[in-house]
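Chain by chain, the residues run as shown.
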Amino acid sequence: MTLAARRPPLAGTVKKIAADPWLFATFLVLTGAVVLFAILPVASVLKLALVGREGFAPEAILANLRSRLVWRAFGNTLLLGATSALVATVLGFVLAFAITRTNMRGKRLVHLIALLPVISPPFVMALAIVVLFGRSGLVTRELLGIRGSNIYGFRSLVLIQVLAFTPIAYLNIRGMLQSMDSALEDAAASLGGSQWTIFTKLTLPLATPAILSSMLLVFVKSIEDFGNPLVIGGNFNTLAVEAYSQLIGYFNLEAGALLASLLLLPSVIAFLIHRYWVSKRSYVTVTGKPAAQVIRIVDPRVVWPLALVAYGLAALVVLLYATVVAVSFTRFPGIDWSFTLGHYAAVFTAGLRPLQNSLLLAGIATPITAFAGILIAYLLTRRAFPGSAVLRWGTLLSFAAPGTIIGIGYITLFNTPPLLLTGTAAIIVAAMVVKTIQVGIEAGSNQLRQIDRSIEEASTILGASNTRTFFGVTLPLLQPALFTALAYAFTRSLTTLSAIIFLVSANWTLITVTILSQVETLRLGLAAAYCVILIAVVLATLLILQLAVGRLSRVSR
């Protein structure tokens, strides 16, 4: 078959566009935005890494690539990313399964506690570990009398990243388990299937897209993270730390861009493997028939082990965040443990502006991220307009690219007219959207794979346009994915650091950058006070979001 023969007929393409003019216009706008804010900045950084400001110099590139430090950091990065992704996904699945499928007690409390690591900068948990178990730690030196405790290195990094990124896997898998039609499980149970058979033959295979996308999300977040390795990594260097050090410490843009560019390789390969695996299988369970989730697992021999894992994880998270709260009321952690309200007084008198800026910009970025992510998921899953590959690969690139690349790319690309955005709020909002939009796409795609196309086809046959079918039929079925996208977009926009640290200005200083600067100057109490206020604000916002989505679900039934 020739290439020309495989192409869709021009008349068919025109007919498809004419049938969905609004969707096609939306597709064009989204594709243009992805090209401008995701593809071109990454291309700009790759050009800087290969060509540089002095022109193409292969000797300098080869010298950097021959360095043992680079390959050791590369190996450390892969090891850390793979370990964190595996452990965090397993814990996220156990947590989601225990909450959605068993009669475990305290589900709402465990759910809220499990979200805590998402709503603060990850390196804050590393600080809690240092305060508790470091050389001058509250547990190690003050309680146990251990001198010279060394908590820096790979194992502590894995622990911190697992705690920090397990909520990502949990939210993703929980959304799919909640949306899964339980009719299949009911049928298997009525035919005499044991709980183990139902789990291994039905539940686990149907949850595969969420499991794989969770591993992908955690892997990419892990390898691009530089806050935790910077604080607690010790001699375990990663590529993100080395790139950050070259850029911020030595002002070597070319070397930093080259190191950051190496992070693209494992991210893109992981994404390709995920796409290949998921595209080869069908995971449809939502068929339009009335269905309700039933808690079928009540056997204590199953419930209690799952509950113990969930309670243990929640207890560890509470311990770390209680430490952060305690530090916010401590004058000098590790030296003077006396009580003080001075850190909060400093925040509410002279330091409130970074929080206000962060809330404003995250509030703008969140709906853009969530709805654009769901729309892109729908366009890529249900429609095939000419140029869909650009949208698909552009969004993949925006997710795979480390925040450092996005930040540097924005500085180099949007620093001159007619795209002069440097120093404005718009460039920060754009970075927030680009770095979080893939979660909305993944959540929407996972759920769309479970929705039978016959539901939408029935609406179309009854005379509804495709646009009306999307808003009247498909979008209500995507509410769990929409909540996941809204919650994740808001929290990550508030707590993101790697991309926006290059974009803040005197007029638009954000809270995460302020916290990092306080940590660097060892003002841990003030940094903790900012974190506590940030957590309270985000928790209140998430509660409002969940209540709104729950009310919307009841209205739509």
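None of the values given here were measured: they were computed from a predicted structure. (Residues numbered from 1 in each chain as written. Predicted model: local features only at pLDDT ≥ 70, side-chain atom pairs only at ≥ 80, totals over all residues. Heavy atoms only, no water.)

### So, the packing of helix α3 (residues 21-50) against helix α15 (residues 253-262)
In a pair of packed helices, the angle between the axes and the distance between the axes together describe the arrangement. Running from N to C, α3 and α15 cross one another at 120°; their axes reach a closest spacing of 8 Å. Between α3 and α15, the angle is such that the two are oblique. Helix-helix and strand crossings are classified by hand; for α3 and α15 the assignment is left-handed. Contacts from Val45, Leu46, Leu48 and Ala49 of α3 reach α15 at Leu253, Glu254, Ala257, Leu258 and Ser261. For the contact of α3 with α15, the residue count by class is seven nonpolar, one polar and one charged. (Axes fitted to C-alpha atoms, helices over the stretch in contact; angles between N-to-C directions. Helix = DSSP H or I, 4+ residues; strand = E, 2+ residues; numbered from the N terminus. Parallel < 35°, antiparallel > 145°, perpendicular 65-115°, else oblique. Left-handed = near helix turned anticlockwise from the far one by under 90°. Contact = heavy atoms within 4.5 Å. Nonpolar A, V, L, I, M, F, W, Y, C, P; charged D, E, K, R; others polar.)

### Describing the pattern of salt bridges
In total, this model carries four salt bridges according to the counting rule given. Measuring nitrogen to oxygen at the nearest pair gives 3.3 Å for the salt bridge that ties lysine 435 to glutamate 224. Placement of lysine 435 in helix α22 (residues 425-448) and of glutamate 224 in helix α12 (residues 208-224) is noted, with a sequence separation of 211 residues between them. The two residues lysine 435 and glutamate 224 agree in class, both being buried. The partner of aspartate 299 in a salt bridge is arginine 301, with the nearest N and O atoms 2.9 Å apart. Its relative accessible area of 28% is what places aspartate 299 among the partly exposed residues. One continuous salt-bridge network, built from bridges that share partners, spans Lys221, Glu224 and Lys435. (Salt bridge = Lys/Arg side-chain N within 4 Å of Asp/Glu carboxyl O. Buried < 20%, exposed > 50% of the residue type's maximum accessible area, 1.4 Å probe, protein only.)

### Considering the packing of aromatic side chains
Two aromatic rings, taken as a pair, are described by how far apart their centres are and by the angle between their planes. Tallied over the full model, the rule gives 14 aromatic pairs. With 5.9 Å between their ring centres and 20° between their planes, phenylalanine 93 and phenylalanine 97 make a pair best called stacked. Placement of the pair is phenylalanine 93 and phenylalanine 97 together in helix α5 (residues 68-101), with a separation of four residues, close to one helical turn. Judged on exposure class, the residue phenylalanine 93 and its partner phenylalanine 97 are both buried. Measuring from ring centre to ring centre gives 5.2 Å for phenylalanine 154 and phenylalanine 236, while their planes differ by 50°; the resulting arrangement is tilted. With phenylalanine 154 in helix α9 (residues 154-179) and phenylalanine 236 in the loop between α13 (227-232) and α14 (239-249), the pair connects residues that are 82 residues apart, well separated along the chain. One aromatic cluster in this structure is built from Phe93, Phe97, Trp196 and Phe199. (Phe/Tyr/Trp six-rings, centres within 6.5 Å; stacked < 30°, edge-to-face > 60°.)

### A look at the UniProt feature "domain: ABC transmembrane type-1" (unreviewed entry) in the chain
Here the UniProt feature "domain: ABC transmembrane type-1" (unreviewed entry) sits at residues 74-274 and 355-545. Here residues 355-545 runs as 76% helix and 0% strand, with 20 Å between its end C-alpha atoms. (UniProt positions renumbered as here; feature names shortened; annotations may be inferred.)

### Regarding α22
Because each turn of an α-helix spans 3.6 residues, side chains separated by three or four positions end up pointing in the same direction. Taking 1.5 Å as the rise per residue, α22 with 24 residues should run 34 Å; its terminal C-alpha atoms sit 34 Å apart, in good agreement. The largest bend along α22 measures about 40° and falls at threonine 436. Counting buried positions along α22 gives 23 out of 24 residues, so the element sits mostly inside the fold. Between a side-chain oxygen at the N-terminus of α22 and the backbone nitrogen of alanine 426 the separation is 3.5 Å; the capping residue is threonine 424. (Expected span 1.5 Å × (residues − 1). Bend = angle between axes of the 7 residues up to and from the residue. Polar contact = N/O pair within 3.5 Å; in protein donor to acceptor, adjacent residues only side chain to side chain.)

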